[in-house]
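Structural characterization, general
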Amino acid sequence: MEAVQRRRITVRGVVQGVGFRPYVYTRATGLGLAGHVTNTPEGVVAEVEGASAAVVLFCERLAADAPPLAVVDAVDHWEVPVAGGTGFTIIASRTGGPARTLVSPDVATCADCLTELADPADRRHRHPFITCTHCGPRFTIVTGLPYDRAHTTMAPFPMCPDCAREYADPADRRFHAQPVACPACGPRLSLLTGRPPRESTEVDPVAEARRLLAAGAILAVKGLGGYHLACDATRPDAVAELRRRKARGDRPFALMARDLTDVERFAHLGPEERALLTGGARPIVLLRRRAGADGPDGVAPGCPDLGVMLPYTPVHHLLLGLPGDPPGPRLLVMTSGNLSGEPIVTDDAEALDRLAALADAWLTHDRPIHVPCDDSVVRVCDGEPLTVRRSRGYAPLPLTLPVPVPATLAAGGDLKNTFCLGEGRQAWLSAHIGDMDDLATRYALEGAERQLESITGVAPVLLAADRHPGYRSTRWAERAAGVRPLVRVQHHHAHIASTLAEHGLEGDRPVIGVAFDGTGYGDDGAVWGGEVLLADYAGFTRFAHLAYVPLPGGDAAVHRPYRMALSHLRAAGIDRSPDLPCVAACPPGEIQLLERQLERGLNCVPTSSMGRLFDAVSSLVGICHLAGYEAQAAIELEGAALGAHPADHGPGYAFGLRAAPDSDPDAGPVTADPAPVLAAVVADVRAGTDPALIAARFHSSVAALVATLCADARERHGLDTVALTGGVFANTLLSAECARLLRSAGFTVLRHGRVPPNDGGLSLGQLMVAAARHAP
């Protein structure tokens with residue numbers, strides 16, 4: 001008779017809310033094993049008993065055959081005394097103890113649910129909240145652990161007998177699917193219209209919402225992680241009105257298309273973009289426009305890309321229309337439900353108040369959103385995904401760290417804020433929080449931080465923040481720290497450390513870190529942003545930087561790139577005559593004040609920012625003089641460069657390089673002087689050269705500078721790994737050219753993929769630096 005054994009198994013990772021217990025049940029019963037499985041705060045715990053060979057096989061294949069949404073980090077099992085008994089059961093979840101399980105991100109509606117949604121014979125036909133074990137809300141509805149219906153915002157909705165039967169049937173696709181519901185028992189959709197808003201008497205709220213959109217109305221639509229503002233993207237009048245109401249400036253709107261065929265008409269789709277658009281995360285994907293193609297007017301003026309996503313909730317699919325529905329909008333603007341600068345609205349009463357001046361009607365429902373979560377934004381660079389904003393569909397999946405860290409909280413930066421929790425070899429980047437200049441955003445940070453602590457079980461003993469004394473995130477970290485130590489991390493060092501952590505480097509050898517962005521507080525009090533640092537987690541040496549120029553008026557220069565152009569021209573000793581576009585763009589009264597301001601150094605902090613140099617060239621060439629949103633001038637400069645034919649580029653421009661005066665030439669830092677580049681740009685402008693060609697040559701000159709500085713660093717210090725980071729490297733034209741030149745010179749190149757290169761990835765680097773400095 002074959003020996004019998006019993007083993008206890010603990011599975012850690014994203015194993016709750018993804019059908020893991022049903023999977024364990026089915027696998028155990030298929031092997032004839034007895035026992036039980038349950039959710040606990042530390043993960044899924046099971047005991048199996050039966051023939052030794054079957055128990056061994058169960059344990060060996062448990063992770064390999066896991067459900068598609070599961071992410072198994074560890075499977076621990078050990079032998080326990082045989083208990084006897086027959087049958088296998090799913091028992092009630094155990095509460096208490098430290099949380100060490102992981103919650104799944106929200107997942108787009110699966111194909112099986114969409115089939116049922118469109119089937120008139122199915123009892124969930126046109127049900128706006130159809131879901132199953134393989135799709136639907138997860139992170140945004142979780143209120144606690146373990147992940148059971150009682151710990152979600154579905155708790156107020158008791159299951160009807162039919163749903164309860166599916167929930168309890170191991171053979172059903174909805175076995176232990178916590179958000180399971182149907183028209184008889186689930187959340188209810190409603191349309192609110194009028195002033196004050198009242199529930200519409202229309203029988204089908206979605207049909208009426210589609211009619212309103214087709215007529216040019218702007219709707220507030222409740223999604224998974226907050227409200228969107230929607231309008232028909234093919235109606236320029238509706239798009240312009242939404243832009244006016246939201247005080248959006250020229251900032252691009254995101255689009256939601258019914259399917260890929262609606263996207264192919266106006267944007268390029270490669271296999272990588274198709275995979276991102278149709279995958280379970282369903283981010284906004286930045287797609288290159290098709291030259292000369294008809295596209296939605298006014299959605300992204302001056303931008304080379306269009307941000308597009310496909311529907312990811314049943315409500316979205318219904319709003320865009322199922323097969324056989326009356327004609328309606330197939331392409332919607334779908335932008336965050338907020339005023340510019342404010343956090344996304346999630347509360348229903350707040351939506352009626354804060355969105356009253358923005359929306360004509362509200363398509364809403366009565367399932368609460370517990371965790372705000374904006375749409376993620378991704379683009380493709382050299383065939384690989386590059387995350388620009390990491391939020392819905394990705395948060396709160398953890399990142400595996402190359403070295404263990406103490407329980408640490410990193411506060412991030414003030415723009416594109418995310419925070420990061422880490423302990424051991426795992427780190428959790430929060431969903432996108434936003435820009436910290438709004439009080440409501442700071443409250444959102446506090447709430448999101450409490451929630452992420454609760455579901456990860458991380459109780460921070462160490463905090464990290466940016467060195468900038470004026471950052472609101474830093475001041476928040478100072479208050480939150482109390483008696484706990486707080487490590488202040490230099491901005492660009494954190495960017496480089498984030499790249500190293502994402503690529504799994506232990507930091508035992510420095511890399512050449514190229515950190516290009518708009519603003520970062522430097523150790524000398526200047527505004528850094530064009531930096532080459534030799535860095536590991538513990539520290540850095542400033543090897544090279546862009547030459548300092550005055551930043552006249554701080555934020556005024558950011559919003560008015562012509563000011564930055566005039567500052568650069570003055571620093572380069574170039575005549576600022578009216579034939580230059582940036583001079584012509586500056587109002588006469590302002591140019592005189594600006595000259596005096598630069599001459600006297602009033603409110604002119606020195607900056608080495610590469611982002612500001614991109615702004616200056618954009619204005620100097622005549623592309624963008626006023627920036628209505630962050631990086632607009634640089635984005636439009638990249639867009640112009642894409643229009644130049646590579647064969648016409650000719651020789652690029654060249655930066656001047658000089659060592660610091662009175663210093664050891666081997667010690668640095670090297671200064672990269674943009675004056676020769678600016679002189680060449682001015683010569684081309686005055687010669688009537690196509691702005692697209694000038695923009696392309698400028699991009700080539702920056703890439704050549706990176707290659708030259710890295711070669712110099714390798715010669716002096718023997719380093720051959722380069723990390724490209726900072727918001728400037730969201731520019732795929734520049735990133736691709738830098739990587740090509742560096743790789744052809746024999747460098748190993750590290751670029752971001754899962755973590756944003758901009759300040760959205762800053763907190764991960766802060767965490768790693770703080771942990772290294774606090775190492776025993």
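See the structure printed just above.
Our subject in this report is the structure included herewith. The structure displayed is predicted, hence computed values, not measured ones. (Residues numbered from 1 in each chain as written. Predicted model: local features only at pLDDT ≥ 70, side-chain atom pairs only at ≥ 80, totals over all residues. Heavy atoms only, no water.)

Time to look at the overall build of the chain. Scanning the chain from terminus to terminus reveals 23 helices and 30 strands. Against the 2.2 N^0.38 benchmark of 28 Å for 776 residues, the chain shows a C-alpha radius of gyration of 28 Å, consistent with a compact globule. For the chain, buried positions account for 58% of its 776 residues. A separation of at least 24 residues holds for 71% of the contacts in the chain among residues at least 6 apart in sequence. Summing over all exposed atoms, the chain offers an accessible surface of approximately 28200 Å²; the carbon and sulfur share of this is 54%. (Helix = DSSP H or I, 4+ residues; strand = E, 2+ residues; numbered from the N terminus. Rg over C-alpha atoms; globule rule 2.2 N^0.38 Å. Buried < 20%, exposed > 50% of the residue type's maximum accessible area, 1.4 Å probe, protein only. Contact = heavy atoms within 4.5 Å. Areas by Shrake-Rupley, 256 points an atom, 1.4 Å probe, with all protein chains shown as cover.)

Time to look at empty space enclosed by the protein. Per the counting criterion, the structure on display carries five cavities of 30 Å³ or more. Here the largest cavity is characterised by a volume of approximately 130 Å³. The wall of the largest cavity is formed by 17 residues, among which P128, L224, T313, P314 and R367 lie closest to the centre. For the lining of the largest cavity, the class distribution of residues is nine nonpolar, six polar and two charged. The computed volume of the second largest cavity comes to approximately 70 Å³. Residue lining of the second largest cavity: 13 residues in total, with G17, G19, F20, R21 and N39 positioned closest to the centre. Ranked by the residues each element gives to the lining of the second largest cavity, the list is headed by helix α1 (residues 20-30), at three residues. (1 Å grid on protein atoms, 1.4 Å probe; cavity = no way out; pocket = protein on both sides within 12 Å on 5 of 7 lines; lining within 4 Å. Points joined across faces, edges and corners; volume = space filled by probe spheres on them. Nonpolar A, V, L, I, M, F, W, Y, C, P; charged D, E, K, R; others polar.)

Once that is clear, we can look at helix α12 (residues 472-481). Restricting attention to buried positions, one finds in α12 the residues S473, T474, W476, A477 and A481. Each buried residue of α12 lies within a common arc of 160° when the element is viewed along its axis, so the set occupies one face. Along its buried surface, α12 packs onto β18 (399-410), α11 (439-456), β20 (462-466) and β21 (486-489). (Arc of directions from axis to C-beta.)

In space, the eleven strands of this open sheet follow the order β8-β7-β15-β9-β10-β14-β11-β13-β12-β16-β17, with mixed pairing throughout. Whereas interior strands pair on both sides, the edge strands pair on one side only; in this sheet they are β8 (198-199) and β17 (384-389). In the sheet, strand β10 (residues 227-232) pairs with strand β14 (residues 331-336) via five bridges, with the strands oriented antiparallel. Counterpart to D232 in the pairing with β14 is L332. Packed onto the sheet, helix α22 (residues 732-744) meets β12 (284-288), β16 (377-381) and β17 and runs at close to 40° relative to β16. (Pairing = 2+ DSSP bridges. Axes fitted to C-alpha atoms, helices over the stretch in contact; angles between N-to-C directions.)

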